[in-house]
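Here is how the chains run, residue by residue.
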Amino acid sequence: MHKIIINGGKALSGEVAVSGAKNSVVALIPAIILADDIVILDGVPAISDVDSLIEIIELMGAKVNYHEDTLEIDPRGVQDIPMPYGKINSLRASYYFYGSLLGRFGQAVVGLPGGCDLGPRPIDLHLKAFEAMGAKVSYEGQNMNLSTNGQKLHGAHIYMDTVSVGATINTMIAAAKANGRTVIENAAREPEIIDVATLLNNMGAHIRGAGTDMVTIEGVETLHGTRHQVIPDRIEAGTYIALAAAIGNGIKVTNVLYEHLESFIAKLEEMGVRMTVEEDAIFVEKQEALKAVTIKTSPYPGFATDLQQPLTPLLLRAQGRGSIIDTIYEKRINHVPELARMGAEISVVSGKIVYRGPSQLTGAQVKATDLRAGAALVIAGLMAEGKTEISNVEFILRGYASIIAKLTALGADIQISEA
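The notes below deal with the structure included here.

Rules used in this analysis
Residues numbered from 1 in each chain as written. Predicted model: local features only at pLDDT ≥ 70, side-chain atom pairs only at ≥ 80, totals over all residues. Heavy atoms only, no water. Helix = DSSP H or I, 4+ residues; strand = E, 2+ residues; numbered from the N terminus. Rg over C-alpha atoms; globule rule 2.2 N^0.38 Å. Buried < 20%, exposed > 50% of the residue type's maximum accessible area, 1.4 Å probe, protein only. Contact = heavy atoms within 4.5 Å. Axes fitted to C-alpha atoms, helices over the stretch in contact; angles between N-to-C directions. Parallel < 35°, antiparallel > 145°, perpendicular 65-115°, else oblique. Left-handed = near helix turned anticlockwise from the far one by under 90°. Nonpolar A, V, L, I, M, F, W, Y, C, P; charged D, E, K, R; others polar. Salt bridge = Lys/Arg side-chain N within 4 Å of Asp/Glu carboxyl O. Pairing = 2+ DSSP bridges. Polar contact = N/O pair within 3.5 Å; in protein donor to acceptor, adjacent residues only side chain to side chain. Core = buried A, V, L, I, M, F, W, Y, C linked by side-chain atoms within 4.5 Å.

## Some details on the overall build of the protein chain
Then comes step 1: What the protein chain contains, in helices and strands, is 14 helices and 23 strands.
Then comes step 2: Compactness check: the protein chain gives a C-alpha radius of gyration of 21 Å against a globular reference of 22 Å for 419 residues, within 12% of the reference.
Then comes step 3: Taken over the C-alpha atoms alone, the protein chain extends approximately 65 × 45 × 40 Å along its principal axes.
Then comes step 4: Across the 419 residues in the protein chain, those meeting the buried criterion constitute 56%.
Then comes step 5: Here the analysis covers contacts within the protein chain between residues at least 6 apart in sequence; of these, 72% occur between residues at least 24 apart.

So, in structure tokens, the structure goes:
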């Protein structure tokens, strides 16, 4: 167990580069199992979720070479072996192995997924799609058994009852080598879906419509090796932009795709945040008066649920009352009592976060309850007067590459130590 220790109240400045997208790479790695040759990913973030996925595919028999931000995977030796609960319950994205193993072997025995506790995140949409494509589902203890009884998956017309990034990606992965055509209606539209589809198409798949609400996959017999650049992490970018507005004295955030952040940037502009959008970077000025706003999350291209927590400390700088309504994950509120412990005037009323600012934060001992809540506490700790100690930092390291080094380079007094 480790702690992050922050001596806050220091204005930060300089430049910070965004790493590759966590929510892409956790799907790209399982998808590579479908290939018949070596696949190389560039721009892979140095996060613990990547380490966990590498451990899993190595156990399956893949050969892996990971150096700096380049990940080379040779999946030719992958075998159809059970992946028990204990090996994969640390990350939610383990469910992408369902699609890739079904697509390659026609069966999979995989432990139920773990990850952050954000309330109900059922995988029934994934299973509905697999069953429509010919798979049978059964359970044994904490493992799920998926099988096509020796047959290949076949194409199907699938309507997603709710918009789901994970189910859309998993269905694309499974359908890439299925017999015939698969159509996904009411598909999610996130940039990470386009990224996975791009990798699969570069491997020889035939996927059209990724990034729209209807995706069509024509199954192919084989998928070959390729090289692929992971897109920048829009959630990390938004986190550092929010940090820059909250405590920055002029910070440039690089490796940013503005079109992935339009709703987030629009909300910052509504607050009065001053920034300059460049071709692949955003410069955030030192801020003066900010205005309280109401945030309501929604599927892409709406305001991302993953960004409401990292934005919350900045909202506490604003003048007036505002609220946050998360329509995606009802339990994405666990950062609220931790921020209140630091002096924020913030609470949860009937499932809605309500706040009033500006709040003067004071250092305290707080706990990261999930990945994005941890990011919120890091920003709050940098804003606060005095020392903040954050426990459960393993959540933070799941999704933010080199966060201590990046913040130190901006002038933060931050370190990670044994708890």
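There is more to say, and it comes next.
## Re the environment of Phe303
Then comes step 1: Topologically, Phe303 is positioned in the loop between β17 (294-296) and α10 (305-315).
Then comes step 2: Residue class for Phe303 comes out buried when judged on its relative accessible area of 5%.
Then comes step 3: The sequence separation of Phe303 and Ala266 amounts to 37 residues, and the corresponding C-alpha distance is 9.5 Å.
Then comes step 4: Once residues within four sequence positions are removed from consideration, Phe303 is found in contact with Ser263, Phe264, Lys267, Ile295, Lys296, Thr297, Ser298, Gln308 and Leu311.

## So, the packing of α10 against helix α12 (residues 371-383)
Then comes step 1: The geometry of α10 relative to α12 is characterised by a closest axis approach of 7 Å and an angle of 15 degrees between their N-to-C directions. The orientation of α10 with respect to α12, classified from their angle, is roughly parallel. Of the two elements, α10 crosses α12, and the hand of that crossing is right-handed. Residues Asp306, Gln309, Pro310 and Pro313 of α10 form the contact with α12, whose participating residues are Arg372, Ala373, Ala375, Ala376, Ile379, Ala380 and Met383.
Then comes step 2: When the residues that make up the contact of α10 with α12 are grouped by side-chain class, the tally is eight nonpolar, one polar and two charged.

## Thoughts on the pattern of salt bridges
Then comes step 1: Scanning the entire structure with this criterion turns up 19 salt bridges.
Then comes step 2: The partner of Asp42 in a salt bridge is Arg227, with the nearest N and O atoms 2.7 Å apart. With a gap of 185 residues between them, Asp42 in strand β3 (residues 39-42) and Arg227 in strand β13 (residues 226-229) connect regions that are remote in the sequence.
Then comes step 3: As a salt-bridge pair, Glu285 and Arg274 come within 2.9 Å of each other at their nearest N and O atoms. Taken together, the residues Glu285 in the loop between β16 (281-284) and β17 and Arg274 in the loop between α9 (262-271) and β15 (275-277) connect sequence positions 11 residues apart.
Then comes step 4: In this structure Glu285 comes out as partly exposed when scored by relative accessible area, which is 29%.
Then comes step 5: On the accessibility criterion, Arg274 (32% relative accessible area) is partly exposed.

## Brief notes about the sheet that holds strand β8 (residues 143-147)
Then comes step 1: On the basis of which strands lie adjacent, the open sheet formed by three strands has the order β6-β8-β7 and antiparallel pairing. Each edge of the sheet is formed by a strand with only one pairing partner; in this case those strands are β6 (107-111) and β7 (136-140). The mean angle between the axes of side-by-side strands here comes to 20 degrees, regardless of whether they run parallel or antiparallel.
Then comes step 2: Note that β6 and β8 share five bridges and pair antiparallel. Residue pairing in the sheet places Ala108 in a bridge with Leu146 of β8.

## With respect to the side chain of Thr312
Then comes step 1: Position of Thr312 among the secondary structure elements: in helix α10.
Then comes step 2: Exposure remark for Thr312: the relative accessible area of 1% places this residue in the buried category.
Then comes step 3: In this structure the side chain of Thr312 is engaged in a polar contact, spanning 2.7 Å, whose partner is the backbone oxygen of Gln308.
Then comes step 4: Non-local contacts of Thr312, meaning those with residues more than four positions away in its chain, are made with Ile324, His335, Leu339 and Ile346.

## Topic: helix α6 (residues 165-175)
Then comes step 1: The buried fraction of α6 is high, at 10 of 11 residues.
Then comes step 2: Capping the start of α6, Ser164 holds a side-chain oxygen 3.1 Å from the backbone nitrogen of Ala167, two or three residues further along.

## Quick notes on the nonpolar core
Then comes step 1: Counting 74 residues, the largest nonpolar core has Ile29, Leu41, Met172 and Leu200 as its most contacted members.
Then comes step 2: Apart from residues no more than four positions distant in its own chain, Leu200 is found in contact with Ala31, Leu34, Met172, Ile173, Ala205, Ile207 and Leu223.
Then comes step 3: Listed in part, the 70 residues of the second largest apolar core include Met275, Ile353, Val366 and Leu410.

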